Amino acid sequence: MRTQVGIVGAGPAGLLLAQLLQLQGVQSVVLEARDRDYVQRRVRAGVLEHGTVETFREAGVGVRMDAEGLAHDGTILRFGLQSHRIDFRELTGRSIVVYGQQEVVKDLIAARLDVGGELLFEVADVTLHDLDTARPRIDFVHEGVARSVECDFVIGADGFHGVSRGYLAGARTYERSYPFAWLGILAEAPPSSHELIYARHRNGFALHSMRSPTITRMYLQVRADEDISGWPDDRIWAELHTRLADDAGFTLTEGTLLDKGITPMRSFVCDRMQQGRLFIAGDAAHIVLPTGAKGMNLAVADVRLLSRALGGYYADHRTDLLDGYTELALRRVWRATHFSWWMTAMLHVSPHDDAFGDQLSLAQLDYVASSRAMATSLAENYTGLPYPKGWSY
Ligand code: FAD
Ligand code: DHB
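The sections below set out a description of the structure shown in this document.

Calculation rules
- Residues numbered from 1 in each chain as written.
- Chains lettered and ligands numbered in written order.
- Predicted model: local features only at pLDDT ≥ 70, side-chain atom pairs only at ≥ 80, totals over all residues.
- Heavy atoms only, no water.
- Near = heavy atom within 4 Å.
- Polar contact = N/O pair within 3.5 Å; in protein donor to acceptor, adjacent residues only side chain to side chain.
- Areas by Shrake-Rupley, 256 points an atom, 1.4 Å probe, with all protein chains shown as cover.
- Helix = DSSP H or I, 4+ residues; strand = E, 2+ residues; numbered from the N terminus.
- Nonpolar A, V, L, I, M, F, W, Y, C, P; charged D, E, K, R; others polar.
- Pairing = 2+ DSSP bridges.
- Axes fitted to C-alpha atoms, helices over the stretch in contact; angles between N-to-C directions.
- Parallel < 35°, antiparallel > 145°, perpendicular 65-115°, else oblique.
- Contact = heavy atoms within 4.5 Å.
- Expected span 1.5 Å × (residues − 1).
- Buried < 20%, exposed > 50% of the residue type's maximum accessible area, 1.4 Å probe, protein only.
- Phe/Tyr/Trp six-rings, centres within 6.5 Å; stacked < 30°, edge-to-face > 60°.
- Lys NZ or Arg CZ within 6 Å of the ring centre and 35° of its normal.

1. A few points about the site of ligand 1
Inference 1: Taken together, the neighbourhood of ligand 1 is formed by 30 residues, with E32, R42, R44, Q101 and D283 sitting nearest.
Inference 2: Measuring from an oxygen atom of ligand 1, one finds a backbone N or O atom of P12 at 3.2 Å.
Inference 3: D283 is positioned with one of its side-chain polar atoms (N or O) 2.7 Å from an oxygen atom of ligand 1.
Inference 4: In the complex, the protein chains occlude 84% of the 1000 Å² of accessible area that ligand 1 would expose alone.
Inference 5: Counting only elements with at least two residues in the shell around ligand 1, the list comes to α1 (12-23) and α8 (295-316).
Inference 6: Here the residues of the shell around ligand 1 sort into 15 nonpolar, eight polar and seven charged.

Shown next, in the form of structure tokens:
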């Protein structure tokens, strides 16, 4: 096989890049390790920043998102049994849309197949070759047959556990792990609040989110080494009731659990996102803490930059945009990394019985709830800082 851009991974990053390249007349091949059903069902992120929403519309994949996504103009911070609303629209003029990552992935796969774009599922043994030449190559196995795709560029959009990052020689990585994890559930129950609730209770953090008018998505802070078997449904509901309670009579509607799982908490940044003809994007290059929902939005931001840089190469033989990719992308990555860390520190409870830390978190929450300047800072980061000049593809 021969193509212009070879993309490893059919998550939001790889699929969106293929779509944005297609719109510029650039051909690509997307290789995915899992099957289609698996990637379309994987329950992950749900909050789309303002700019992510605009990007999907501009990419021609916003129709179902606009029809079924839930537009939110604010969010609730809950602590000390009281609720404080952060009004995104009033503070920043921007808002967010709640629309599940698996729905985004479904829309992008449908768009790809519609134009007859190459997208191979269940590929194995992906290896990258000749990345420092003008003819890099991806070798892989598909349906038991060893195959190769020769390209001009290779894009590693294969997530945190993918193979691409390993081909960046001498990259420095920054990493931090945390003494807690998130237990996430999807319930067949109408949401109990119109907006998301980020709650800090002395038992730990809880988040009330949603996917549709009939499906609720919620998370609980649990120990890092927690086993899901220790959390039967009754215990999960009891803890959600306790942590989400307020003094205004909040009631949580229960329902059948459709999915539950534990997500580890980790921050990770690779300080190089390119080498020769290899570029990496999304979770392959960085993982942010989930508090603040930045993961998928950062993947989209990386891909906006990459598609513009690759488009510039094919349209005008420009290489400056490709050369500057890592530097531009990392500025946004570190901003989001800090924001996610800040939200996490403010809303979680240290398992080490750190009474001093508790008071610092509460003081910070009180400041956000009472200061327009702090609330605006939260709102502009949450809805997504505007893409700097030169980020449009
Ligand atoms: P991915 O979505 O990981 O896609 C990478 C793709 O590459 C996958 O389909 C994978 O199967 C494929 N792949 C991997 N290795 C290979 C290989 N060798 N060959 C071919 N294909 C390969 N973010 C939030 O904002 N909020 C959340 O609540 C949230 N929850 C999450 C829960 C979990 C369990 C995880 C893992 C992540 C969560 N995230 C969340 C983060 C968010 O989902 C990611 O930031 C987002 O998926 C990044 O998109 P991506 O395309 O870069 O990577
Ligand atoms: C969701 C996930 C997040 O990490 C977050 O901060 C808000 C919402 C969600 O899955 O709906």
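2. Re the sheet that holds strand β4 (residues 70-72)
Hydrogen bonds between backbone groups are what pair the strands of a sheet, and the pairing can be parallel or antiparallel.
Inference 1: Overall, antiparallel pairing links the three strands, which are arranged β3-β7-β4 in an open sheet. Only two strands of the sheet have a single partner each, and these edge strands are β3 (47-48) and β4.
Inference 2: Looking at chain direction, β3 and strand β7 (residues 96-98) are connected through two bridges and run antiparallel. Across the sheet, residue V47 finds its bridge partner in β7, namely V98.

3. Section: the site of ligand 2
Inference 1: The immediate surroundings of ligand 2 are formed by 14 residues, with Y198, S209, R211, Y219 and P290 found nearest.
Inference 2: Between ligand 2 and R211 there is a distance of 2.7 Å, counted from an oxygen atom to a side-chain nitrogen or oxygen.
Inference 3: One of the backbone N or O atoms of G292 is found 3.1 Å from an oxygen atom in ligand 2.
Inference 4: Against a free-state accessible area of 290 Å², the protein chains account for coverage of 97% of ligand 2.

4. Details of the packing of helix α11 (residues 355-370) against helix α12 (residues 372-383)
Inference 1: The geometry of α11 relative to α12 is characterised by a closest axis approach of 5 Å and an angle of 95 degrees between their N-to-C directions. Between α11 and α12, the angle is such that the two are roughly perpendicular. Contacts between α11 and α12 involve Q364, Y367, V368 and S370 from the first element and R372, M374, A375 and L378 from the second.
Inference 2: Across the contact of α11 with α12, the residue classes break down as five nonpolar, two polar and one charged.

5. Quick notes on α1
Inference 1: Across its twelve residues, α1 extends 17 Å between first and last C-alpha, which sits within 8% of the 16 Å expected from 1.5 Å per residue.
Inference 2: With ten of twelve residues buried, α1 is to be regarded as a mostly interior element.
Inference 3: Burial in α1 covers these residues: P12, A13, G14, L15, L16, L17, A18, Q19, L20 and L21.
Inference 4: Of the residues flanking the end of α1, it is G25, one or two places downstream, whose phi is positive at about 80 degrees.

6. A word on unusual backbone geometry
Inference 1: At E122, a position not held by glycine, the phi torsion is positive, near 55 degrees.
Inference 2: Structurally, E122 is set in the loop between β8 (118-120) and β9 (123-129).
Inference 3: For E122, a relative accessible area of 52% gives the class exposed.
Inference 4: For E143, which is not glycine, the phi dihedral falls at a positive 50 degrees.
Inference 5: By the element assignment, E143 lies in the loop between β10 (137-142) and β11 (145-150).
Inference 6: Note on E143: relative accessible area 70%, which makes it exposed.

7. Structural notes on the side chain of D107
Inference 1: Mapped onto the fold, D107 is located in helix α6 (residues 101-114).
Inference 2: Other than its neighbours up to four places away in sequence, D107 contacts V61, R64, M65 and Y99.

8. Details of the packing of aromatic side chains
The geometry of an aromatic ring pair is captured by two quantities: the separation of the ring centres and the angle between the planes.
Inference 1: Counted by the stated rule, this structure contains 14 aromatic pairs.
Inference 2: Taking the centre distance of 6.3 Å and the plane angle of 35 degrees together, the rings of Y178 and F180 count as tilted.
Inference 3: Judged by relative accessible area, which is 15%, Y178 ranks as buried.
Inference 4: Aromatic rings pair up to connect F88, W182, Y198, F205, Y219 and Y382 into one cluster.
Inference 5: Directly above the aromatic system of Y38 lies the positively charged group of R34, at a separation of 4.2 Å from the ring centroid.
Inference 6: Taking NZ or CZ as reference, K294 lies 5.7 Å from the ring centre of Y382, over its face.

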